[in-house]
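Each chain is listed here by its residues.
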Amino acid sequence: MKSGLKGDTLLSGIRILDLADEKASFCSKILADLGAAVIKVEPPGGDAARNRGPFAGNNAHPEESLSFLYNNINKRGITLDIEHRRGREIFLRLAEKSEVVVETFQPGYLDGLKLGFDVLSRVNPGLVLLSVTGFGQSGPRKNFKTCDSVASAYGGQMVTAGLPAKAPLKPYGDQSYHIASLYGAIAILIARRKQIRTGVGEHIDISIQEAVTSTLEHQMIRYFYEKAVSRRQGSLHWNNLFCILPCRDGFIQITLFHQWETLVEWMAAEGMAEDLQDAHWADETFRLKHVGHVIEVLQRWTEKHTTRELFELGQLMHFPWAPVVAPEAVLKCPQHKSRGFFVDIDGCGGKRSLKVPRLPYIFSSHTVDRCRRAPLAGEDNAEIYVGELGFTREDLDRLSVDQVI
Amino acid sequence: MKNRMLGHLRIIDFTRVLAGPYASRILADFGAEVIKIESRQIRRAAGAYRGNYDNHWNRNKRSVTLDLGRQEAREIVRLLISASDVVIENFSPRVMFNWGLDYEKIKAVRADIIMVSLSGMGQTGPWKDYVAFGSTIQALSGLTYLTAYDKNQPIGVGYSHADLVGGLYGALAVLTAVEYRERTGRGQHIDLSEYEALCTTIGPAFLDIMANSGEIVPDGSPGGTDAAAPHGCYPCRGDDRWCVIAVFSQEDWAALCRAMGRPSWADDPKFNTFQKRRKRKKELDRIIAKWTAARPPEKIVRLLQASGVSAGVVQNAEDVAHDPQLRSRGFFVPLTHPRRGDSVTERSPVRMGREAATHWKSAPSLGEDNEYVFGELLGFTRDQLSAYIKKGVVF
């Protein structure tokens with residue numbers, strides 16, 4: 001087994017063909033981390049997602065893409081032109097031997113190649129096909145182009161991030177893709193129960209927009225129950241209970257959710273509670289209505305402290321506060337170190353030592369302390385076409401010359 | 001018909017607030033029998049997350065009441081566990097242990113039990129007892145720092161995004177362990193850290209720092225290091241109306257120039273490569289913003305999408321609730337609560353085949369399923385149950 005899980009893995013026995021681009025390559029990455037046998041199927045020349053940054057050495061070369069590396073860890077890689085007649089036949093042979101196919105093409109594309117769910121199920125009735133697209137397989141926007149910011153915007157995620165006077169901010173990274181990918185992985189394992197029990201597969205349709213809307217926390221609930229529409233208000237959350245305040249050396253994320261009395265006592269002990277000890281501030285409704293004043297007083301106090309003081313002392317008193325840190329600091333975090341969260345990547349060669357976050361789990365059944373880097377385009381062609389599908393070396397050369405692989 | 005794909009799975013649910021309930025809701029939506037243990041202690045800790053939020057996050061679940069402060073209640077929990085497949089909880093690490101319901105103990109009750117413990121920092125490590133809400137974790141992970149206009153004023157996402165990510169990983173943990181148990185007969189404990197969960201969503205940023213020994217400075221642009229330029233969020237006509245536009249290719253660029261009525265710019269040597277457009281980002285953003293500001297976002301997006309350019313409307317909750325795309329897919333479904341009346345909930349974004357869920361049960365009222373669970377499942381007589389109620393073990 002190529003993943004960090006040795007021998008019998010959590011998901012042994014699940015083979016996944018991954019046709020997905022950056023929209024859902026994280027989906028089968030998660031399942032590969034859990035020990036599924038994932039084969040990345042790229043068009044000859046490689047997946048366009050290899051052109052996405054950031055790049056190692058800031059060198060915009062397809063083999064140096066760090067986002068591609070991250071999203072394709074623990075997978076094996078082959079090249080195959082599924083638009084080519086013979087490529088299509090080979091894909092069907094692979095699908096026959098697989099449990100799952102993951103794809104992110106525009107709706108109807110696979111049908112056009114006669115590789116739609118009906119065709120795949122004829123070849124392999126148990127097959128689960130996961131389609132992850134911007135807006136799903138149906139509806140007036142099904143053919144719209146998407147990207148992480150389009151999904152975030154339409155899904156309702158961006159509108160609450162940012163300052164009222166400025167443009168909405170998109171949550172950093174590919175949050176929409178990651179949420180859709182997590183839902184995809186969950187969907188596959190749900191469909192898997194039926195696959196095992198009945199031998200019948202499923203076509204799963206995930207809309208990235210819907211996945212985002214499903215994770216908005218308060219927004220839709222507030223609207224449906226109170227007709228309230230949340231807007232941006234800087235770091236202050238919609239409920240006025242969370243905000244970020246400056247300290248001597250940085251910023252602290254605080255909440256006013258719990259333990260008001262303890263907080264006021266703490267500030268008073270340092271002579272900085274001002275009028276917050278007055279009885280009317282003890283009433284939460286009053287406090288939240290006049291939260292501006294509370295924050296002003298708190299800020300005069302936090303500015304006298306370091307983030308570390310407030311974090312450590314606060315946590316001793318069970319305040320769920322934390323410093324706002326840059327990602328550099330996360331790499332050095334003692335909690336992550338203690339739990340071995342960043343693991344080594346095998347196969348990157350001696351030129352650099354990179355580590356990646358493992359999945360956020362410690363299993364009692366398996367230990368994970370390393371992973372395999374993403375495959376180069378077509379790296380495992382021989383192993384899979386010759387070793388597993390029974391092609392000869394000559395067949396392989398011919399397919400290569402004909403640009404099928 | 002309610003989707004029954006997970007109909008064989010019984011889950012004992014100790015979760016509260018958001019991350020844990022979201023995890024078990026995902027499974028309940030597919031027919032898993034999720035039995036929420038409502039103890040006085042759990043309800044106190046949940047605080048403001050009752051009411052409408054409770055209805056939303058606990059739909060399709062069952063509810064029993066038990067005062068876990070009492071030994072007899074914990075005995076009943078052990079009986080329940082012996083008749084179940086999964087235990088899921090999101091307390092601080094010490095709580096289940098103090099109740100004698102930690103994995104070592106419940107494994108003795110049922111050897112193949114699956115237990116998922118979802119906590120802020122995980123069950124081990126120097127920070128294991130730290131208390132954390134979603135925003136705490138967002139601050140610690142780098143997400144809040146990176147979601148900002150510049151590095152001098154961190155802003156963040158504006159809500160507890162990390163809890164939802166933690167919940168998704170929680171549901172995935174259960175399903176993974178179920179798959180493993182089905183094949184091997186073995187249960188297990190999964191220690192899930194929400195802090196780690198959120199960090200997995202910014203993996204490439206960590207790799208960037210390690211590989212390039214650099215820092216990442218937030219600049220408010222949605223693309224980050226994406227392969228699009230221009231790529232931004234632009235003001236449109238109307239009150240707080242915005243759109244996003246991402247130009248990934250030369251064809252996209254030409255289409256945007258045509259849409260803006262400047263077709264000759266497509267080949268203008270100032271802008272005709274990705275590198276040049278990225279370098280002149282500020283200048284381009286100003287030009288585009290001037291064009292978008294005079295038009296409603298829907299019109300801009302329709303125009304650009306017709307030429308295959310990635311563009312989208314920044315929607316607020318009201319827009320989302322009336323979104324024709326979501327409406328056409330029946331994304332919002334009625335949810336009727338016996339006391340709260342009619343409302344709406346979003347369906348699961350996991351859609352498959354004919355077994356699609358169309359009927360949704362509102363969150364259970366407190367102890368709604370006491371009779372079913374204690375009577376039918378555990379076989380208590382009416383007298384036994386009344387005795388427990390009298391003693392306050394069941395309330």
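Since the model is a prediction, treat every value here as computed from it, not as a measurement.

**Things to note about the overall build of chain A**
Part 1: Along chain A, the regular secondary structure elements total 17 helices and 13 strands.
Part 2: Each of the three principal axes of chain A carries a C-alpha extent, and together these read 85 × 50 × 45 Å.
Part 3: Evaluated residue by residue, chain A yields a buried proportion of 52% over its 405 residues.
Part 4: Considering only intrachain contacts with a sequence separation of at least 6, the fraction spanning at least 24 residues in chain A is 68%.

**A short note on the packing of helix α1 (residues 25–33) of chain A against helix α7 (residues 175–198) of chain A**
Between two packed helices, what matters for the description is the angle formed by their axes and the separation of those axes.
All names here are of chain A.
Part 1: Relative to each other, α1 and α7 sit at 50°, their axes nearing to 7 Å. Here α7 runs oblique to α1, going by the angle between their axes. Considering the relative orientation of α1 and α7, their crossing is right-handed. Each of F26, C27, I30 and L31 in α1 lies in contact with α7, whose residues at this interface are Y177, H178, S181, G184, A185 and I188.

**Brief notes about the pairing of strand β6 (residues 202–207) of chain A**
Part 1: Most of β6(A) is tucked away: six of the six residues are buried.
Part 2: Judged by which residues are buried, β6(A) turns out to be covered on both faces: A:E202, A:I204 and A:I206 on one side and A:H203, A:D205 and A:S207 on the other are all buried.
Part 3: The pairing of strand β5 (residues 128–133) of chain A with β6(A) spans six bridges and is parallel. Within the sheet, the bridge partner assigned to A:V128 lies in β6(A) and is A:E202.
Part 4: Pairing between β6(A) and strand β12 (residues 351–352) of chain B: two bridges, direction antiparallel. Bridging across to β12(B), A:D205 finds its partner in B:R351.

**Brief notes about the sheet that holds strand β8 (residues 242–246) of chain B**
Strands in a sheet are paired, the pairing made by backbone hydrogen bonds, and the direction either parallel or antiparallel.
Part 1: One open sheet holds the three strands; their spatial order is β7-β8-β9 (chain B), and the pairing between them is antiparallel. A single partner strand is all that each edge strand has here, and the edge strands are β7 (231–235) and β9 (310–313) of chain B. Taken over all neighbouring pairs, the strand axes of this sheet differ in orientation by 20° on average, direction set aside.
Part 2: Alignment of β7(B) against β8(B), held across five bridges, turns out to be antiparallel. Each bridged residue has a counterpart across the sheet, and for B:C233 the counterpart in β8(B) is B:V244.
Part 3: Contacts from helix α6 (residues 148–155) of chain A reach β8 and β9 of chain B, with the element oriented near 15° to β9(B).
Part 4: The strands touched by helix α15 (residues 297–306) of chain B are β8 and β9 of chain B; relative to β9(B), the strand with the most contacts, the crossing angle is about 160°.

**Concerning the nonpolar core**
One broad rule of soluble globular proteins: the nonpolar side chains tend to lie buried together.
Part 1: By size, the foremost hydrophobic cluster in this structure holds 230 residues, and its most contacted members are A:L31, A:I186, A:A187, B:L27, B:V174 and B:C243.
Part 2: Excluding its chain neighbours within four sequence positions, the residues that come into contact with B:V174 are B:L27, B:V86, B:I88, B:I114 and B:V116.

**Observations concerning the interface of chain B and chain A**
Part 1: Residue-level contacts link 116 residues of chain B with 122 residues of chain A.
Part 2: Ranked by residues supplied to the side of chain B that touches chain A, first place goes to helix α9 (residues 161–184) of chain B with 13 residues.
Part 3: Taken together, the residues that form the side of chain B that touches chain A break down as 66 nonpolar, 36 polar and 14 charged.
Part 4: Pairing analysis gives three bridges linking strand β12 (residues 361–363) of chain A to strand β6 (residues 188–193) of chain B, with the strands arranged antiparallel. Paired with A:Y361 across the two strands is B:L192, which belongs to β6(B).

**Details of the sheet that holds strand β2 (residues 37–42) of chain A**
Part 1: The strand order across the open sheet formed by seven strands is β3(A)-β2(A)-β1(A)-β4(A)-β5(A)-β6(A)-β12(B), and the pairing between neighbours is mixed. Each edge of the open sheet is held by one strand with a lone partner, namely β3 (76–79) of chain A together with β12 of chain B.
Part 2: Bridge count for strand β1 (residues 15–18) of chain A against β2(A) is four bridges, and the pairing is parallel. By the bridge assignment for β2(A), A:D18 is matched with A:K40.
Part 3: In the packing of α1(A) onto the sheet, contacts are made with β1, β2, β4 (100–103) and β5 of chain A, and the angle to β1(A) comes to roughly 155°.

**Concerning the confidence of the model for chain B**
Part 1: For chain B, per-residue confidence averages 93 on the pLDDT scale, and 95% of positions sit at 70 or higher.
Part 2: ipTM for the predicted complex: 0.97, alongside a pTM of 0.97.

**Things to note about the environment of A:L389**
Residue and element names in this part refer to chain A.
Part 1: Topologically, L389 is positioned in the loop between α16 (381–388) and α17 (393–401).
Part 2: Taking C-alpha positions, L389 is 8.9 Å from I90, a pair spaced 299 residues apart along the chain.
Part 3: If near-sequence neighbours (up to four positions away) are discounted, L389 is found in contact with R93 and I384.

**A few points about the environment of A:A269**
Part 1: Residue placement: A:A269 occurs in helix α10 (residues 260–269).
Part 2: For the pair formed by A:A269 and A:H218, sequence separation is 51 residues and the distance between their alpha carbons is 36 Å.

**Looking at the environment of A:T104**
Residue and element names in this part refer to chain A.
Part 1: Relative to the assigned elements, T104 resides in the loop between β4 and α4 (109–112).
Part 2: Taking the C-alpha atoms as reference points, T104 and D18, separated by 86 residues in sequence, lie 9.4 Å from one another.
Part 3: If near-sequence neighbours (up to four positions away) are discounted, T104 is found in contact with A20, D21, K23, A24, V132 and T133.

**Description of unusual backbone geometry**
One can expect most non-glycine residues to show negative phi and most peptide bonds to be in trans.
Part 1: Here the residue pair A:G53 and A:P54 is connected by a cis peptide bond, since its omega of -10° sits within 30 degrees of zero.
Part 2: With respect to the helices and strands, A:P54 occurs in the loop between β2 and α2 (66–71).
Part 3: Put simply, B:A229 and B:P230 share a cis peptide bond, and its omega is -5°.
Part 4: When you line up the elements, B:P230 lands in the loop between α11 (203–212) and β7.
Part 5: If you check the backbone angles, A:E274 has positive phi at about 50° while not being a glycine.
Part 6: Accessibility expressed as a C-beta count within 10 Å gives 16 for A:E274, which makes it partly exposed.
Part 7: We note that B:S213 has phi near 40°; this positive angle belongs to a residue other than glycine.
Part 8: Tracing the backbone shows B:S213 in the loop between α11 and β7.
Part 9: For B:S213, a count of 9 C-beta atoms within 10 Å gives the class exposed.

Parameters at a glance
- Residues numbered from 1 in each chain as written.
- Chains lettered and ligands numbered in written order.
- Predicted model: local features only at pLDDT ≥ 70, side-chain atom pairs only at ≥ 80, totals over all residues.
- Helix = DSSP H or I, 4+ residues; strand = E, 2+ residues; numbered from the N terminus.
- Buried ≥ 20, exposed ≤ 12 C-beta atoms within 10 Å, placed from the backbone.
- Contact = placed C-beta atoms within 7 Å.
- Axes fitted to C-alpha atoms, helices over the stretch in contact; angles between N-to-C directions.
- Parallel < 35°, antiparallel > 145°, perpendicular 65-115°, else oblique.
- Left-handed = near helix turned anticlockwise from the far one by under 90°.
- Pairing = 2+ DSSP bridges.
- Core = buried A, V, L, I, M, F, W, Y, C linked by C-beta atoms within 7 Å.
- Nonpolar A, V, L, I, M, F, W, Y, C, P; charged D, E, K, R; others polar.
- pLDDT = per-residue confidence, 0-100.

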